[in-house]
Amino acid sequence: MLSRTYRPSSDLAPYIRRFYIFEAALPEDAVIEDFLLAETAFVRCLLRGEWSAETKPGEWNTAGNIVFFGANSGPLRVRVKGGFAVTGFAIRPSGWHAMFSGPHSMWADDMRPLQQLWGEIADEMISGVLKATDDEEQLHAMESCIRERLKLFPGAAPDIQMAQFEIIARTDSTIRIEDVAVRIGLSVRQLERRCLASFGLTPKAILRRSRFLDGAATLRGFSNRSGVELGALRYYDQSHMNREFRRYTGMTPRAFANASTPLQTAGLKLREESRLED
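All figures in this text were calculated on a predicted structure; none of them were measured in a lab. (Residues numbered from 1 in each chain as written. Predicted model: local features only at pLDDT ≥ 70, side-chain atom pairs only at ≥ 80, totals over all residues. Heavy atoms only, no water.)

(A) Here's a closer look at the nonpolar core. One finds Ile16, Phe89, Met99, Trp118, Met125 and Ile146 to be the most contacted residues of the largest nonpolar core, which totals 30 residues. Elements with a contribution of two residues or more to this core: strand E2 (16–24), strand E4 (42–56), strand E6 (66–69), strand E7 (76–91), helix H1 (115–118), helix H2 (120–131) and helix H3 (135–150). Among the elements that make up this core, the one with the highest residue count is H3 (six residues). Here Ile146 is in contact with Leu12, Ile16, Phe19, Phe89, Met99, Trp118 and Met125, once residues within four sequence places are set aside. Residues Phe22, Ile32, Val80 and Ala266 belong to the second largest nonpolar core, which totals 22 residues. (Core = buried A, V, L, I, M, F, W, Y, C linked by side-chain atoms within 4.5 Å. Buried < 20%, exposed > 50% of the residue type's maximum accessible area, 1.4 Å probe, protein only. Helix = DSSP H or I, 4+ residues; strand = E, 2+ residues; numbered from the N terminus. Contact = heavy atoms within 4.5 Å.)

(B) Structural detail: the pairing of E4. Bridge analysis of E4 against E6 gives four bridges, and the strand direction is antiparallel. For Phe42, the partnering residue across the bridge sits in E6 and is Phe69. Pairing analysis gives ten bridges linking E4 to E7, with the strands arranged antiparallel. Counterpart to Trp51 in the pairing with E7 is Val80. Of the pairings in the sheet, the one linking E4 to strand E5 (residues 59–61) comprises three bridges and is antiparallel in character. Counterpart to Lys56 in the pairing with E5 is Glu59. Joining the antiparallel neighbours E4 and E5 is a turn of two residues, in which Gly58 adopts a positive phi near 80°. (Pairing = 2+ DSSP bridges.)

(C) Layout of the environment of Glu54. Here Glu54 is to be found in strand E4. By relative accessible area, Glu54 is classed as buried at 17%. The spatial distance from the C-alpha of Glu54 to the C-alpha of Arg92 is 25 Å, given a sequence separation of 38 residues. Once you skip the residues sitting within four places of it in the chain, Glu54 turns out to touch Glu59, Trp60, Leu76 and Arg77.

(D) Broad picture of the pattern of salt bridges. This model, assessed by the stated rule, comprises 16 salt bridges. Between Glu23 and Arg4 there is a salt bridge, and its shortest N-O distance comes to 2.9 Å. Here Glu23, found in strand E2, pairs with Arg4, found in strand E1 (residues 2–6); they are 19 residues apart in sequence, far enough to count as distant. By relative accessible area, which is 23% here, Glu23 ends up partly exposed. Glu178 is paired through a salt bridge with Arg176; the nearest N and O atoms lie 3.8 Å apart. (Salt bridge = Lys/Arg side-chain N within 4 Å of Asp/Glu carboxyl O.)

Note that all results are geometric; they support no functional claim without further evidence.
Written out as structure tokens, the structure reads:
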């Protein structure tokens, strides 16, 4: 499996975290079942292959070839059949209100055709991406449509305080909520409302998920954190750690360490790389 990420152009950096391209040459009858745990809302364009997600127990859906995903509070089970190629982008919580009407909490843990939210711009985007002959043309097609979308919300500036919290959540997942609020100049209640609107989840849920992802990246061997930083990630006891891993993976830490999770593992790797670059 091959994955590539690209930074957005400077004018889009306050709104888009990363563009990504992910592809795999697999036998036609190969089936991969895995899970995703997205920290941000993202858009996925299907270029090739069969890709579906479990939106309800036992119910698998594709939502078309250009799909919006809200941020996840828990694992989203996905299934891929045969070789595939996807491209897309992750949306910064601080830029949410510059591209969407309504709070992110309305669409957390949701998956739907992007057309339902962006209308004809979504059709333009998937058409441009499918016509592209290389990565650069794909990125150009997506960026052009994102700029069109931004024009519809001319007064919606990036939320600087939510941008600060995004950095805190990715770098200091054990911090107390009260300390976060003080650091970015909000009350705890204001922080909760703003997080629900921009991240789709409460501050506590955001930090809890981030802490799990930090630990999962360590188990996968992707973490470049210091010994002190890794020590701070430890849970109260083994029982606590087991509960958290079961919540986010359905497995114990030991089972997760030995499990084959190629899609989720690729996401962890990209997360760690972007954490170091930002």
